[in-house]
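# Geometric and topological summary
Residue-level listing of the chains:
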Amino acid sequence: MQKANDLKEYREELRETLGNDFLRTTLDNFAIAYRAGRANAFKDMDVRGLIKEIADSKDEAARNADALYREFKENAEAAGIHVHFAKDGDEANRIIAQIAKDANCKKIVKSKSMTAEETLLNHDLEDAGLEVTETDLGEWIIQLRHEGPSHMVMPAIHLSRFQVGDLFTEVTGKEQDSDIEKLVKVARRELRQKYVEADMGITGANFAIAETGSIGLVTNEGNARLVSTLPRVHVALMGIDKLLPTLHDALRILKVLPRNATGQAITSYVTWITGNNECLAAEDGRKEIHYVVLDNGRSELIKDPLFSQVNRCVRCGACANVCPVYRLVGGHKMGHIYIGAIGLILTYFFHGKDKAKNLVQNCINCEACKDVCAGGIDLPRLIKEIHARIQDEDGHPLPSFLLGKMLKNRKLFHTLLRTAKWGQKPVAEKDGFIRHLPMIFSKEHGFRALPTIAETPFRDWWKEKRPRVANPKYRVALFSGCVQDFVYPEQMQAAVDVFAANDVAMEFPEEQSCCGLPVQMMGETKASRDVAVQNLRAFEPEAYDYIVTLCASCAAHLKHNYPKLVMDKPAMKLRADAFAAKIIDYSSFVNDVLKVNAEDFRQTGEKATYHAPCHLCRGLDVHEAPRQLIEKSGMEYVECAEEEVCCGFGGTFSMKFPELSAELLKKKLDNVEATGADTLLTDCPGCIMQLRGGLKRRGSRVQVKHVAEVMSKNKK
Amino acid sequence: MPSKEDLYQKFVEKAGLVSAKVTSIATEDDALKYVINLCDKKEACQLMISGCEADLSDKAEALCDAKQKKVIAAPGLNEDLYKKLAAQAKKAGFECISEGMRDHLAGVDIGFTFAEYGIADTGTLMLDCPGEEMRLATMVSEFHVCVLPKSKIKANTYAVEKMMLTRMKKTPDYLAFITGPSRTADIERVLALGVHGPLELHILILED
């Protein structure tokens, strides 16, 4: 649960978790095993198509939530079930306590329900004098420890067998060892007794099917079958987001849910309950069944044009499974009750701004969650949007406000960068790094060296040295982004060299500025929009075949976010669409458009490995082009483990959470060094800054270069 | 359109991947023989009665003491078949029941059932069990033995959707997809079988 009052306290909590070696190892192993397991589970399936179908069907369900609820209620009631509607968590808990009272129930067994976690149901029931026992093994463990789940599907993933052994010793009053098989059997036998005694069973529901008034339950342990069979009363608590028109919609989600959650083709048990089925413990032989359908902010959510897509979430937990930040700090720190990327969003809507305000800043925007989401939810975008909304409500912190102001004024921004070049003189080393960190950085930033501002920015070099191309095959405009303009102009120069040699005529529109991603990341929506408009005005999309950028982050932001940023201005939107359609990253342009040949490069045979920038591999779905270019440019490409996992830069993220950034970088560099390659290539100046700075601090011999640089160097 | 043989092969492969034990049988009598044999070979009680190495709280121990001899639960069999099974069980010294599962919540050794359908692409059994005895027999048994007629193997869940809907509209209804034994990975993500439900799932595919 999230308790920190401010970012400082939150960072303190994060630091504590970083020291938990068991958690770190467990989550590392899980992250790697999960990726392989999921890929295997989806082998030969059209995953994208299936996710698109789910997104469409869930969107449709959200639009018709009221009608679906009426149909569901009508069919369920016709089948002998009592249906209740609860506008918030407290009301749901009151309804359930009342059902228990009316039916004279004393003891309750529960099957895992995230919705019941959301409403903190157990506390209210216990306050009403009822005994509540969780029966899902992980959920029982955390209940005994008085904790919340740290993962949506594996609630006790943060605990070791030894901790569980000690806990069970306490619970049974007999010494238990830490053998997992044995611990599971102990739980089986202890919990069997609880089923026998219980007079009420509570479950969640994975599916609420309107056409039949049925619910569907997905479990591996089978506890939902016992919970919904043995006690004479059954209560199922579900959010309105579980409503689906037909069984077919549920079966479709069932194809993705277990595969995405745990890499299983299906869980051991999927249970479909319709009507008041037989119960031999009841006087009339029929089970008393209640469905409690919870709103708790959901109906507002689905009316919101941007956030309605949150309704698509099927609670598979995959967004946590792939999140590099979750992997470092675990669910208790990467969520409040719901965890992972979706957790950051749901926390805001279900539990309020105060619980969400720190959490939403802890997204590195690597888009791994978006890529894996079973409902195709644009999670990183929604997280950033919430961050922006909270700042709009609470006021903007000074640094982000100032950066926003500065970026909006290109001339001021560029003058500051030019001034910084002189300011850094006393601390600049000859090797392009700053000797000491400037005063504004604390010591946590010492994990990487920072580069100096270049002697001559690319825009000045361009004025003097721009090449003339006689018979151009293509006309392109160059978008440099601020880092390659002012810090790494040699990367742009290298690209210009390769382009000119391939008969590409180039323009460099001088009015261009920073792409605006940093302020977008900081929640400065207005500044981000102003910068976008400025850049859109600087370029004449019709005049070029392509707009090329060597920065993956700029490319993804220009392509995907610009049209969204100016959506409310029709003329600007048209321009942004045309602009976005022309945006291409360096590797795709050189490999797929120019189609360069290996014969045009000296074959050096040096080993090079690769880091895939998040905004290239996921943001732009570019995977093969850079790797093919490495081979074509005469080097031997050696694959690196976890090549498509974030390096920990994340722009302003690395400023805000230096400890997390350092850990992500460490993993990345360990993997890089393990390849034995002397050169590390990538496609994003931000990643280069991070990787180079980290390797420098390690004293490593590995050289980091943009793919463009080796292509220029090895060009015949 | 995959042939019956393709579906069968696929089913066997997928069920095997989730630790189900699949055997082909020629007749229903073979199924009875299988159950009696299995019951004979298995330990008296692998999970529930005292004698297990793990200590329990006193209350849970008490529940275990309720079970005295090996029990086969076979609710939902047709009368003739049940009679045959009961006779063979008696001869072997086992108790055989078709109802009263609530008196056996400490666990039965074998639950013996017939599946309505098999789903090839996940190795899943579909059992319709609106009756409570069937549900409990498939849950509190240590081994679940289930007969699946070969002709009832369908390609995927969409292929059983109509049948499911027919049942769900004729309420009340309690349908189960069962795929392998009960499992958990909640402690350190280590797979452990038989957490609440059966420790083993035996599928007998009946040539028909």
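Residues numbered from 1 in each chain as written. Chains lettered and ligands numbered in written order. Predicted model: local features only at pLDDT ≥ 70, side-chain atom pairs only at ≥ 80, totals over all residues. Heavy atoms only, no water.

### Describing the overall build of chain A
Broken down by element type, chain A carries 35 helices and 18 strands. Relative to its length of 716 residues, chain A is compact, with a C-alpha radius of gyration of 28 Å against a globular reference of 27 Å. Overall, the C-alpha framework of chain A stretches about 95 × 60 × 50 Å when taken along its three principal axes. Across the 716 residues of chain A, 63% fall into the buried class. Once local pairs closer than 6 in sequence are excluded, the contacts in chain A between residues at least 24 apart make up 78%. In the form shown here, chain A has an accessible surface area of approximately 26300 Å², with 50% of it arising from carbon and sulfur atoms. Within chain A, one finds 97 positive and 99 negative side-chain charges whose respective centroids are separated by 4 Å. (Helix = DSSP H or I, 4+ residues; strand = E, 2+ residues; numbered from the N terminus. Rg over C-alpha atoms; globule rule 2.2 N^0.38 Å. Buried < 20%, exposed > 50% of the residue type's maximum accessible area, 1.4 Å probe, protein only. Contact = heavy atoms within 4.5 Å. Areas by Shrake-Rupley, 256 points an atom, 1.4 Å probe, with all protein chains shown as cover. Lys, Arg positive; Asp, Glu negative; His and termini not counted. Charge placed at Lys NZ, Arg CZ, Asp CG, Glu CD.)

### Concerning a nonpolar patch on the surface
Judged by side-chain polarity, Leu398(A), Phe401(A) and Leu402(A) come together as a nonpolar surface patch covering roughly 300 Å² of accessible area. Under the relative-accessibility criterion, Leu402(A) is labelled partly exposed at 48%. (Patch = residues over 30% accessible without salt bridge, like charges linked within 9 Å, V, L, I, M, F, W, Y side chains within 5 Å. Salt bridge = Lys/Arg side-chain N within 4 Å of Asp/Glu carboxyl O.)

### Side note on the nonpolar core
Residues and elements named next belong to chain A. Counting 95 residues, the largest nonpolar core has Leu478, Phe499, Tyr586, Phe589, Val590 and Met711 as the members making the most contacts within it. Of all the elements, helix α27 (residues 552-565) adds the most residues to this core, at seven residues. Those residues within four positions of Phe499 in sequence are excluded, and the remaining contacts are Leu478, Val504, Met506, Val548, Tyr586, Phe589, Val590 and Leu594. Ile157, Val256, Val329 and Ile386 belong to the second-largest nonpolar core, a separate cluster that totals 91 residues. (Core = buried A, V, L, I, M, F, W, Y, C linked by side-chain atoms within 4.5 Å.)

### As for helix α19 (residues 379-394) of chain A
Residues and elements named next belong to chain A. Its 16 residues place the ends of α19 22 Å apart at the C-alpha level, agreeing with the 22 Å of an ideal helix rising 1.5 Å per residue. Turning to α19, its buried residues number three or more, namely Leu379, Pro380, Leu382, Ile383, Lys384, Ile386, His387, Ala388, Ile390 and Gln391. Gly395, located one to two residues past α19, shows a positive phi value of around 100 degrees. (Expected span 1.5 Å × (residues − 1).)

### Quick word on the sheet that holds strand β12 (residues 504-507) of chain A
All names here are of chain A. An order of β12-β11-β13-β14 is seen for the four strands of this open sheet, with the pairing classed as parallel. The open sheet terminates on both sides in strands that have one partner only, identified here as β12 and β14 (583-585). If you compare each strand with its neighbour and ignore which way they point, the axes differ by 40 degrees on average. Sheet analysis places strand β13 (residues 546-549) next to β14, joined by three bridges and oriented parallel. Counted as the bridge partner of Thr549 is Asp585 from β14. Across the sheet, helix α28 (residues 570-582) is in contact with β13 and β14; its angle to β14 comes to roughly 25 degrees. Together, β11 (474-479), β12, β13 and β14 form the strand contacts of helix α29 (residues 586-593), whose direction differs from that of β14 by roughly 85 degrees. (Pairing = 2+ DSSP bridges. Axes fitted to C-alpha atoms, helices over the stretch in contact; angles between N-to-C directions.)

### What to know about empty space enclosed by the protein
Residues and elements named next belong to chain A. Applying the stated criterion across every chain, the model contains 11 cavities of 30 Å³ or more. Empty space within the largest cavity amounts to approximately 100 Å³. Lining the largest cavity are 15 residues, and of these Cys323, Ala341, Cys363, Ile364 and Cys369 lie nearest its centre. Only α15 (324-329) and α16 (340-351) provide two or more residues apiece to the lining of the largest cavity. Its residues placed into classes, the lining of the largest cavity shows 12 nonpolar, two polar and one charged. (1 Å grid on protein atoms, 1.4 Å probe; cavity = no way out; pocket = protein on both sides within 12 Å on 5 of 7 lines; lining within 4 Å. Points joined across faces, edges and corners; volume = space filled by probe spheres on them. Nonpolar A, V, L, I, M, F, W, Y, C, P; charged D, E, K, R; others polar.)

### A look at unusual backbone geometry
Where the residue is not glycine, phi is negative for most of them; where a peptide bond is considered, it is trans in most cases. Between Thr171(B) and the following residue, Pro172(B), the backbone shows a cis peptide bond with an omega angle of -10 degrees. Of note, Pro172(B) is situated in the loop between α6 (161-169) and β9 (173-178). Phi angles above zero are rare outside glycine, and Asn296(A) is one such case at about 50 degrees. Looking at the element boundaries, Asn296(A) is found in the loop between β10 (288-294) and α13 (298-303). One non-glycine residue with positive phi stands out, namely Glu642(A), at about 50 degrees.

### A word on the packing of helix α26 (residues 525-538) of chain A against α27(A)
All names here are of chain A. Packing of α26 against α27 brings their axes to within 10 Å, and their N-to-C directions diverge by 110 degrees. By the angle class used here, α26 and α27 are roughly perpendicular. Residues Ser528, Arg529, Val531, Ala532, Asn535 and Leu536 of α26 touch α27, and the partners they reach there are His557, Tyr562 and Leu565. Grouping the amino acids of the contact of α26 with α27 by side-chain chemistry returns five nonpolar, three polar and one charged. (Parallel < 35°, antiparallel > 145°, perpendicular 65-115°, else oblique.)

### Quick notes on the pattern of salt bridges
Within the structure shown, the criterion is met by 64 salt bridges over all chains. Between Arg575(A) and Glu540(A) there is a salt bridge, with the nearest N and O atoms lying 3.6 Å from each other. Highlighted residues: Arg575(A) in helix α28 and Glu540(A) in the loop between α26 and β13, separated in sequence by 35 residues. Between Glu5(B) and Lys150(B) there is a salt bridge, and its shortest N-O distance comes to 3.2 Å. In this pair, Glu5(B) sits in helix α1 (residues 4-17) while Lys150(B) sits in the loop between β7 (141-149) and β8 (153-154), placing the two residues 145 residues apart along the sequence. Look at Glu5(B) and you get partly exposed, because its relative accessible area is 38%.

### Examining the interface of chain A and chain B
Each partner contributes residues to the interface: chain A has 78 residues there, and chain B has 68 residues. Interface area, chain A with chain B, both sides summed: about 6300 Å², of which 58% is carbon and sulfur. Connecting chain A to chain B are two salt bridges. Notably, a salt bridge pairs Lys169(B) with Glu211(A), separated by 4.0 Å at the nearest N-O pair. Linking chain A with chain B are 30 residue pairs in polar contact (both at pLDDT 80 or more). Elements represented by at least two residues in the side of chain A that touches chain B include exactly α2 (21-41), α8 (137-144), α9 (161-172), α10 (180-197), α11 (223-227), α12 (247-262) and β9 (269-274) of chain A. (Buried area = accessible area lost by both parts, 1.4 Å probe. Polar contact = N/O pair within 3.5 Å; in protein donor to acceptor, adjacent residues only side chain to side chain.)

### Looking at α16(A)
Working note: α-helix, 3.6 residues per turn, so residues spaced by three or four point in the same direction. Residues and elements named next belong to chain A. In terms of residue burial, α16 counts as a mostly covered element, since 10 of its 12 residues are buried. The set of residues buried in α16 consists of Gly340, Ala341, Ile342, Gly343, Leu344, Ile345, Leu346, Thr347, Tyr348 and Phe350. Contacts made by the buried residues of α16 are with α6 (114-118), α13, α14 (318-321), α17 (353-356), α18 (368-372) and α19. Immediately downstream of α16, the backbone of Gly352 shows phi near 95 degrees, a positive value.

### Comments concerning the sheet that holds β9(B)
In spatial order, the strands read β8(A)-β5(A)-β6(A)-β9(A)-β9(B)-β6(B)-β5(B)-β8(B); together these eight strands make up an open sheet with mixed pairing. Bordering the open sheet on either side are β8 (243-244) of chain A together with β8 of chain B, each of which pairs with just one other strand.

### Some points on the environment of Arg602(A)
Residue and element names in this part refer to chain A. With respect to the element layout, Arg602 can be found in the loop between α29 and β15 (607-610). Placed 30 residues apart in sequence, Arg602 and Lys632 show a C-alpha to C-alpha distance of 9.2 Å. Once residues lying within four places of it in the same chain are set aside, the contact partners of Arg602 are Ser633, Gly634, Lys713, Asn714 and Lys716. Among the polar contacts made by the side chain of Arg602, one reaches the main-chain carbonyl oxygen of Lys713 at a distance of 3.0 Å.

### Focus on the state of the cysteines
Applying the stated rule across the entire model yields zero disulfides over all chains. Cysteine Cys279(A) is unpaired, with the sulfur of Cys105(A) as its nearest cysteine sulfur at 11 Å. (Disulfide = S-S within 2.5 Å.)

### Re the packing of aromatic side chains
What describes a pair of aromatic rings is the distance from one ring centre to the other and the angle between the planes of the rings. Tallied over the entire structure, the rule returns 25 aromatic pairs over all chains. Between Tyr474(A) and Phe589(A), the ring centres sit 6.2 Å apart and the planes meet at 75 degrees, which makes this aromatic pair edge-to-face. Of this pair, Tyr474(A) sits in strand β11 while Phe589(A) sits in helix α29, and the two are 115 residues apart along the sequence. Following the ring pairs from residue to residue traces out a cluster consisting of Tyr474(A), Phe499(A), Tyr546(A), Tyr586(A) and Phe589(A). Positioned over the ring face of Phe143(B) is Lys42(B), at 5.1 Å from the centre of the ring. (Phe/Tyr/Trp six-rings, centres within 6.5 Å; stacked < 30°, edge-to-face > 60°. Lys NZ or Arg CZ within 6 Å of the ring centre and 35° of its normal.)

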